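Listed here are the chains, written in short residue letters.
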Protein chains: 4
Amino acid sequence: MFDKIHEECGVFGIYDNDGHDVAAATYYALFALQHRGQESCGIAINDARTITVYRDGGLVNDVFDKDILASLGKGKMAVGHVRYGTSPSNKRVDAQPLVVNHVKGCMAIANNGSLTNYSQLREKLELSGSIFHTTSDSEIIAYEITRERLHTSSIEDAICNAMYHLEGSYSFVVMSPAKLIAARDPRGFRPLCIGKRNNSYMFASESCAFDNIGATFIRDVMPGEIVIIDENGIRSITTHCNTKPSSLCVFEFIYFARPDSVVDGSSVHTARIRAGRFLAQEHPVEADVVIGVPDSGIDAAIGYAQELGIDYELGFIKNKYIGRTFIQPTQADREDKVRIKLNPISSVVAGKRVVLIDDSIVRGTTSKQIVKMLRDAGAKEVHMRISCPPFMFPCFYGTDIDSQDKLIACKYSIEEIAEHIGADSLGYLSIENVVKLAAETKLNFCTSCFTGNYPTESPTSTVKSKYLCKISE
Amino acid sequence: MFDKIHEECGVFGIYDNDGHDVAAATYYALFALQHRGQESCGIAINDARTITVYRDGGLVNDVFDKDILASLGKGKMAVGHVRYGTSPSNKRVDAQPLVVNHVKGCMAIANNGSLTNYSQLREKLELSGSIFHTTSDSEIIAYEITRERLHTSSIEDAICNAMYHLEGSYSFVVMSPAKLIAARDPRGFRPLCIGKRNNSYMFASESCAFDNIGATFIRDVMPGEIVIIDENGIRSITTHCNTKPSSLCVFEFIYFARPDSVVDGSSVHTARIRAGRFLAQEHPVEADVVIGVPDSGIDAAIGYAQELGIDYELGFIKNKYIGRTFIQPTQADREDKVRIKLNPISSVVAGKRVVLIDDSIVRGTTSKQIVKMLRDAGAKEVHMRISCPPFMFPCFYGTDIDSQDKLIACKYSIEEIAEHIGADSLGYLSIENVVKLAAETKLNFCTSCFTGNYPTESPTSTVKSKYLCKISE
Amino acid sequence: MFDKIHEECGVFGIYDNDGHDVAAATYYALFALQHRGQESCGIAINDARTITVYRDGGLVNDVFDKDILASLGKGKMAVGHVRYGTSPSNKRVDAQPLVVNHVKGCMAIANNGSLTNYSQLREKLELSGSIFHTTSDSEIIAYEITRERLHTSSIEDAICNAMYHLEGSYSFVVMSPAKLIAARDPRGFRPLCIGKRNNSYMFASESCAFDNIGATFIRDVMPGEIVIIDENGIRSITTHCNTKPSSLCVFEFIYFARPDSVVDGSSVHTARIRAGRFLAQEHPVEADVVIGVPDSGIDAAIGYAQELGIDYELGFIKNKYIGRTFIQPTQADREDKVRIKLNPISSVVAGKRVVLIDDSIVRGTTSKQIVKMLRDAGAKEVHMRISCPPFMFPCFYGTDIDSQDKLIACKYSIEEIAEHIGADSLGYLSIENVVKLAAETKLNFCTSCFTGNYPTESPTSTVKSKYLCKISE
Amino acid sequence: MFDKIHEECGVFGIYDNDGHDVAAATYYALFALQHRGQESCGIAINDARTITVYRDGGLVNDVFDKDILASLGKGKMAVGHVRYGTSPSNKRVDAQPLVVNHVKGCMAIANNGSLTNYSQLREKLELSGSIFHTTSDSEIIAYEITRERLHTSSIEDAICNAMYHLEGSYSFVVMSPAKLIAARDPRGFRPLCIGKRNNSYMFASESCAFDNIGATFIRDVMPGEIVIIDENGIRSITTHCNTKPSSLCVFEFIYFARPDSVVDGSSVHTARIRAGRFLAQEHPVEADVVIGVPDSGIDAAIGYAQELGIDYELGFIKNKYIGRTFIQPTQADREDKVRIKLNPISSVVAGKRVVLIDDSIVRGTTSKQIVKMLRDAGAKEVHMRISCPPFMFPCFYGTDIDSQDKLIACKYSIEEIAEHIGADSLGYLSIENVVKLAAETKLNFCTSCFTGNYPTESPTSTVKSKYLCKISE
């Protein structure tokens with residue numbers, strides 16, 4: 001609906017030793033990760049070495065019901081996935097976990113990230129006679145692991161070998177007949193962490209998944225680390241650790257991750273409060289009230305208000321009843337598309353000088369409408385502040401900032417953008433401060449979408465559409 | 001999900017003179033009113049004196065799709081309704097608008113309120129051979145209007161006569177073959193207001209419905225007033241105005257109405273900010289942070305924080321992806337039912353003295369869980385503040401506070417409640433201050449659920465279940 | 001799909017004394033009656049004087065699933081209904097059983113037939129202040145029974161009194177808090193019979209419903225009879241019996257009823273075999289093979305073949321997989337709408353002189369296509385024989401022969417029709433023989449659609465559309 | 001529902017040169033082939049070298065609606081498939097056409113048959129690092145074609161080479177970016193034929209598919225033949241023709257194929273009439289009436305009756321309204337599972353000596369119930385005649401006769417079976433006559449399920465369950 005950058009995925013895996021229902025645990029964990037991908041989802045259960053999977057386009061709430069969850073059966077292990085697909089895609093077929101069979105048995109894989117050498121790997125595989133059912137990175141990864149598995153003595157060794165071929169970002173969980181294995185790329189672009197509940201271990205993209213199911217966060221998977229859980233407990237392969245400089249995506253703190261998560265040591269909410277405070281230092285303004293665009297601008301708005309001692313206020317009511325079957329107003333309708341979802345509270349802004357905080361501007365279309373709504377509601381001045389630097393470069397590591405054509409900051413100056421969206425002033429967070437948001441995190445950050453300094457060598461976008469057989473849902 | 005008092009309905013009606021799509025306008029208006037009733041909804045269109053209606057159990061988003069909306073056809077008039085049904089009920093059959101045929105033609109009726117003399121009216125009608133398809137007040141009202149219509153020269157005169165028989169609360173919109181008519185009971189228990197878009201008039205339970213569709217709030221319907229819209233424009237019958245002391249439900253300001261609505265002259269958001277400020281004056285506490293229970297405790301939390309100069313903060317992340325098909329965790333699951341929906345942000349509360357604001361306590365079960373979650377997240381102290389007085393008496397005027405058995409405040413002292421929910425202290429807003437929240441409103445308020453002082457003579461609850469033929473959805 | 005006359009309804013009722021599941025029994029009975037109405041259906045259960053009903057547009061198979069059936073609960077009594085609605089109608093709202101509440105409690109009613117004085121009764125009721133939710137005869141009947149119930153001591157006396165006001169055809173089952181009552185109009189237009197299973201009694205439109213559930217046919221309800229089943233067993237009120245000459249619809253034997261049913265003493269299959277034999281006597285022809293249009297022309301084709309000693313053969317394969325969601329071919333498609341459903345077997349007809357038997361011709365469109373398909377498949381001659389006389393007059397007694405405009409026989413001679421449909425010859429069954437088909441039946445027959453001799457005084461069609469509030473499904 | 005042998009698949013493909021809607025043509029063609037597989041279905045469209053597919057569990061009628069058909073887009077080529085899956089299977093994932101991508105582009109494949117060397121081929125592929133998403137033969141075939149494609153200059157050459165590796169039965173249609181290609185195994189187990197409509201060519205498992213869409217049957221694909229359709233027209237590769245003795249499945253004529261189809265030169269209906277006549281010669285009996293079990297026993301019953309000059313009659317009414325969502329009666333219900341679907345006509349059998357014809361007996365359970373129903377309806381004698389020899393051996397060529405445990409004829413003598421099912425006498429068609437049914441067909445027949453003489457070397461069943469990752473629908 002809104003003009004936002006999207007994360008491509010969230011992953012979860014559990015190895016249960018307490019006799020609990022792993023399908024239910026995965027279902028509830030995926031609810032906590034739903035913000036990382038709303039296009040499709042899936043759950044795979046391993047019951048005595050046989051994997052059963054269900055996946056489809058839609059939210060967790062829509063895809064799974066009691067009967068479907070029950071049909072997955074019981075088991076000791078499960079992996080789950082939520083996915084936001086950059087188009088073009090096949091919602092149902094590209095839904096993960098991907099489940100395949102190879103000479104050593106079943107394998108389920110759920111991944112978050114983007115391989116920068118997808119095309120090269122696929123071409124090599126195709127030339128050896130491989131066939132592809134999807135355009136998913138996970139199918140490439142499954143092939144690479146399978147080929148290594150032919151001449152290695154364990155699945156974890158096969159994964160370790162395969163990682164030498166994989167370039168770009170990935171944080172995946174693999175479920176084999178007897179093991180649950182997580183791996184994170186050596187640069188650690190995407191988060192991945194380990195939790196525990198009684199005698200059971202689990203992996204998740206974010207710690208909030210553990211809160212949902214009464215588990216405790218243990219630690220993050222390190223960049224390059226492979227973590228194996230099986231009947232012998234938990235152990236780790238660190239061959240790929242510290243082989244490359246880390247580059248955690250900083251936008252996880254600004255927008256992707258949930259505020260109640262702790263990512264690689266830093267509280268996401270605290271990072272956003274800091275973003276608001278830095279913004280206030282960089283771009284202060286005399287104003288009567290600070291408001292945030294729900295939901296992702298709220299935290300920074302509170303920080304901005306605290307830093308300057310201006311009142312924080314609720315600026316908008318967001319309609320929480322609009323679901324995926326909502327009928328979009330047509331041009332012929334007088335009804336206002338944005339306003340149905342986000343209505344300003346007149347008594348808060350009428351006659352006031354308003355600071356409006358949002359986490360980003362992509363194309364600027366929504367920002368323009370929101371500023372206009374505030375003015376219609378009587379705001380005297382509207383000063384927009386953005387809690388990250390301007391997007392200037394495409395991302396090749398798992399988000400959908402894929403084209404400079406769509407990015408308003410590539411085409412206009414900040415003054416021109418302010419004029420375009422109708423704001424009295426506009427301020428972005430600086431690159432200097434954006435890397436200070438997650439102060440407790442020991443990793444370096446990827447800021448390539450702001451700076452163009454890519455942590456991997458000259459990546460190019462893989463045009464997956466050329467490989468596409470369209471499989472309708 | 002949560003332990004809340006429910007409003008029973010929201011109504012909308014439009015008489016279009018601009019050639020716009022009245023079905024679409026009603027659809028979008030009902031989205032704005034969805035918080036007033038989530039059990040069933042319906043839209044009726046009047047096309048050249050023929051009324052077509054669609055209604056069903058479910059949210060507006062789930063009940064209506066493009067084909068259904070199109071099947072209603074085009075017309076100049078429409079009425080819409082959202083309903084929360086107190087059980088026992090028939091979701092589909094009790095959905096409104098009710099549409100009936102009588103000797104003068106069709107009539108659609110959408111009502112918000114509760115007749116206190118339902119049983120007496122129904123018995124009288126049954127003894128004259130009437131049959132009933134529903135247990136809805138609207139069917140009684142339809143009969144009363146129909147019987148009066150036999151010997152009056154207009155539908156508005158029939159409504160005016162019928163109002164002499166109706167006791168209790170009602171705010172209804174009636175659509176006849178050629179007119180759209182709104183009526184509000186003489187005490188004005190439930191809100192009802194008038195909007196305008198170009199040359200078209202409309203009625204709604206709350207002004208936020210007008211914002212959604214680009215219309216402007218004109219004024220409230222007065223207690224006792226009948227407002228008629230037809231081809232001659234808009235006019236009013238005031239026979240029943242000022243015949244009884246007004247008693248607008250004060251809980252509309254505390255919880256029912258949307259913060260961006262203006263009800264009978266007062267901003268709902270402002271009323272809630274005031275509630276927070278009054279609470280701070282009545283029950284101050286030394287604390288580090290003030291947080292609100294989403295969504296309805298947020299406004300008062302901001303007010304409380306402002307009054308005492310304590311930091312307001314985001315205390316919880318509310319999962320917005322949990323829809324009506326969400327599978328409730330079983331006892332056997334370790335998953336925590338409340339936590340899946342509401343997760344505290346540890347970095348906000350850990351080691352802090354926390355003031356927690358909510359709008360009400362009904363049974364206390366949710367409050368207890370929320371306090372526990374805060375303590376688990378590390379809160380040093382939790383001081384609970386409630387932005388209304390304790391519920392002590394049943395409501396007979398259109399909400400579901402129907403039994404003293406369920407009300408914790410009937411059974412325990414405030415200290416006992418504090419102990420029960422695990423709070424370090426607990427403070428409720430006083431009755432003296434609750435009537436000052438909507439300071440701009442000229443009407444008196446009904447506070448009977450707090451005081452037991454009922455504005456109508458000794459009302460008793462109508463046990464509608466005795467009339468029930470169950471009609472499954 | 002095909003150009004056929006439709007019956008309007010099938011009814012079923014059961015009073016169980018054996019502790020069996022009455023909802024299941026009604027579900028399976030309605031399957032046997034599905035041919036009498038495919039537009040909507042419903043089941044109402046009486047559990048300890050409370051009636052629960054579920055009804056909707058669609059086939060029994062589509063409307064009911066396990067959960068819905070279970071939601072109806074257990075009880076001693078049930079009534080069920082299948083309906084074919086003549087347009088205009090409201091599929092969901094006009095679905096029966098109709099369930100209403102009146103001063104003496106609940107009442108469910110399921111009816112088959114058509115009141116010829118609907119308008120007069122409705123006007124009288126409306127002038128006394130009645131409101132109507134439907135345009136169904138059942139609502140009129142419910143009102144008439146309710147008004148009589150005010151001053152009679154039992155529901156059966158109220159029904160007996162009400163029958164003095166009802167004109168036309170009706171065969172209904174009423175379920176009151178404690179009784180299950182069937183009534184058939186004094187002329188007996190529509191069938192209604194009594195069955196038994198262990199200690200339980202039941203009513204059904206046709207005896208095939210009893211076969212489905214392991215029950216035994218006992219006897220038919222007599223024209224004018226009221227049969228009451230309650231805790232005291234079964235008894236009968238015969239006040240209205242023999243007050244009018246009987247006039248059972250003869251088309252029940254030709255097309256409406258199922259061949260395995262026995263209606264008022266005559267086997268439907270035997271009646272159709274006889275129709276074929278009479279046709280052979282009236283319109284013999286030299287031919288090589290006799291085939292029938294599936295399914296309703298098959299029985300008469302066998303009779304025709306037997307009478308003349310010509311080989312009976314399978315002429316067509318009917319596609320049994322085409323359900324209600326089948327996508328009709330567009331004009332642009334080359335696909336043949338009729339042929340997808342009915343494909344001739346070339347080896348049967350190629351080079352042959354074919355006698356083609358069908359039960360009726362309404363507009364002639366389907367007949368024309370079928371004859372053409374046979375010629376395309378190589379038939380040398382096609383002689384069409386129809387197992388009833390030509391439709392010349394509208395029916396006012398519960399079928400949808402409602403307009404002479406659509407009836408080809410009103411506009412053309414038999415020779416012209418033969419030419420129109422492309423047949424080498426065409427022969428209809430005579431009126432003399434049509435009344436001899438059900439030779440074992442003691443009642444007289446209504447043949448008014450062939451002769452115009454109406455058994456009731458100058459009936460006129462009730463244009464129900466003038467009463468219609470459209471209630472979309 | 002009934003105790004029957006199932007065919008595993010039906011295939012269709014079209015190359016359109018007339019600008020018609022190939023998705024619609026395939027949809028209507030699949031209706032005609034639905035009897036060959038009711039578990040899942042799919043349609044793939046090739047629009048300018050991009051393939052779009054939709055497939056799911058369910059009947060054609062349930063899986064496809066207007067929106068889905070439209071979403072497939074327009075194109076010149078399409079392939080369609082209906083599938084009956086032998087368990088265990090994944091309805092949605094194993095649905096065909098299978099669509100994959102390889103180094104030369106997209107390929108869609110729809111197959112009918114069963115590879116007898118599945119395990120050997122799969123093992124070889126797995127050992128080279130292949131991964132499998134399904135347990136379908138089509139995935140093996142796709143791999144074999146792909147591997148050959150790496151070093152051949154055309155897809156047809158790759159198919160020709162791949163056929164050297166494939167053992168067992170297959171009749172498939174492959175759609176490549178620019179060609180539509182059909183191939184039939186050298187023994188011709190399963191039917192496959194060529195049709196034409198204006199300038200467009202098509203392939204189908206049976207000729208009845210052509211009738212549905214106004215196309216004309218041209219000829220059968222020969223055993224071993226590869227037929228290519230592209231922009232240059234139609235041509236054929238006969239490398240594999242006449243390399244092995246033909247062995248067309250004779251059960252296609254007895255049960256699988258539709259009576260209005262012509263398979264390899266013989267009319268299916270005529271073959272069944274002959275089966276009835278042969279049966280009458282082999283097992284005559286003095287009787288009053290001959291009836292068939294609907295639908296597949298009807299043709300042979302007519303033949304039997306003609307041969308002996310006994311009256312053929314309709315013995316049963318089959319309920320045509322029972323769909324896939326029908327709720328099966330529980331043991332607790334008195335309702336009779338078979339009778340709800342098949343009710344005898346008492347007037348036809350009461351007091352008569354009845355010959356009952358069916359096409360086969362598998363386990364004997366249904367036969368027993370049917371004989372009992374006839375006796376309950378008053379039949380004096382019931383003589384059962386079966387229009388094929390007894391099933392004694394498993395089939396490895398694409399039907400689900402997979403275990404001798406289930407086959408009653410493996411365990412009991414004919415007299416014992418007669419006693420078991422309650423028949424007065426029982427006669428099966430002889431093996432001598434079964435091969436004479438399709439007298440016009442030039443091919444030899446596979447009768448291995450009756451004789452154990454397998455046309456391929458000692459085939460063994462592939463237990464695909466060991467490869468299964470369960471992918472729920």
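Residues numbered from 1 in each chain as written. Chains lettered and ligands numbered in written order. Predicted model: local features only at pLDDT ≥ 70, side-chain atom pairs only at ≥ 80, totals over all residues.

1. Considerations on the relation of the copies chain C and chain D
Piece 1. With an axial shift of 0.0 Å and an RMSD of 0.0 Å, the rotation relating chain C to chain D amounts to 180°. Taken together, these values place the two copies in the relation of a two-fold axis. Every residue of chain C has its C-alpha some distance from the rotation axis, and the shortest such distance is that of K320(C), at 3.7 Å.
Piece 2. Most of the interface of chain C is mirrored in chain D: 100% of its interface residues are interface residues there too. (Least-squares fit on C-alpha atoms with pLDDT ≥ 70 in both. Contact = placed C-beta atoms within 7 Å.)

2. Quick word on the confidence of the model for chain A
Piece 1. For chain A, the average pLDDT comes to 92, and 94% of its residues sit at 70 or higher.
Piece 2. Under the prediction, the complex receives an ipTM of 0.91, its pTM being 0.92. (pLDDT = per-residue confidence, 0-100.)

3. Thoughts on the pairing of strand β12 (residues 226–230) of chain C
Piece 1. The buried count for β12(C) comes to 4 of 5 residues, which makes it a mostly enclosed element.
Piece 2. A loop of 2 residues connects β12(C) with strand β13 (residues 233–237) of chain C, the two strands running antiparallel in sequence. (Buried ≥ 20, exposed ≤ 12 C-beta atoms within 10 Å, placed from the backbone. Helix = DSSP H or I, 4+ residues; strand = E, 2+ residues; numbered from the N terminus. Pairing = 2+ DSSP bridges.)

4. As for the relation of the copies chain A and chain D
Piece 1. Expressed as a screw operation, the relation of chain A to chain D combines 0.0 Å of axial shift with a rotation of 180°, fitting to an RMSD of 0.0 Å.
Piece 2. When the interface residues of chain A are mapped onto chain D, 100% of them again fall at the interface, so both copies present the same face.

5. Some words on the sheet that holds strand β13 (residues 233–237) of chain D
All names here are of chain D.
Piece 1. What the 6 strands build is an open sheet, ordered β5-β6-β7-β8-β12-β13; its pairing is antiparallel. Only two strands of the sheet have a single partner each, and these edge strands are β5 (98–102) and β13. Each neighbouring strand pair of the sheet contributes to a mean axis angle of 20°, computed without reference to strand direction.
Piece 2. In terms of strand pairing, strand β6 (residues 105–115) meets strand β7 (residues 168–175) through 8 bridges, oriented antiparallel. Directly across from G113, in β7, lies its bridge partner Y170.
Piece 3. Contacting β5, β6 and β7, helix α6 (residues 137–149) runs over the sheet at an angle of about 130° to β6. (Axes fitted to C-alpha atoms, helices over the stretch in contact; angles between N-to-C directions.)

6. A word on the domain arrangement of chain A
Residues and elements named next belong to chain A.
Piece 1. Here chain A is partitioned into domain 1 (9–247) and domain 2 (269–318 + 338–438).
Piece 2. The C-alpha centroid of domain 2 is placed 35 Å from the C-alpha centroid of domain 1.
Piece 3. Contacts between domain 1 and domain 2 engage 9 residues on the former and 5 residues on the latter.
Piece 4. Mapped by element, the contributors of at least two residues to the side of domain 1 that touches domain 2 are β6 (105–115) and β7 (168–175).
Piece 5. When residues in the side of domain 1 that touches domain 2 are grouped by element, the largest group, 3 residues, is from β6.
Piece 6. Classifying every residue of the side of domain 1 that touches domain 2 by side-chain character gives 1 nonpolar, 7 polar and 1 charged. (Domains from an automatic or database assignment. Nonpolar A, V, L, I, M, F, W, Y, C, P; charged D, E, K, R; others polar.)

7. Topic: the arrangement of the chains
Piece 1. With no contact between them, chain A and chain C keep their nearest C-alpha atoms 12 Å apart.
Piece 2. In this view chain B stays clear of chain D, with the nearest C-alpha atoms of the two still 12 Å from each other.

8. Brief notes about helix α5 (residues 137–149) of chain A
Residue pairs spaced three or four apart in an α-helix point in one direction, given the helix's 3.6 residues per turn.
Piece 1. In a regular helix each residue adds 1.5 Å, so 13 residues correspond to 18 Å; α5(A) covers 18 Å between its end C-alpha atoms and thus fits that length.
Piece 2. Here α5(A) lies mainly inside the structure; 13 of its 13 residues are buried. (Expected span 1.5 Å × (residues − 1).)

9. A closer look at the interface of chain A and chain D
Piece 1. Of the residues lining the interface, 32 residues belong to chain A; the matching set on chain D comes to 32 residues.
Piece 2. Breaking the side of chain A that touches chain D down by element, the ones donating at least two residues are β3 (50–57), α3 (66–71), β5 (98–102), α5 and β25 (470–471) of chain A.
Piece 3. Residues that form the side of chain A that touches chain D fall into these classes: 19 nonpolar, 10 polar and 3 charged.

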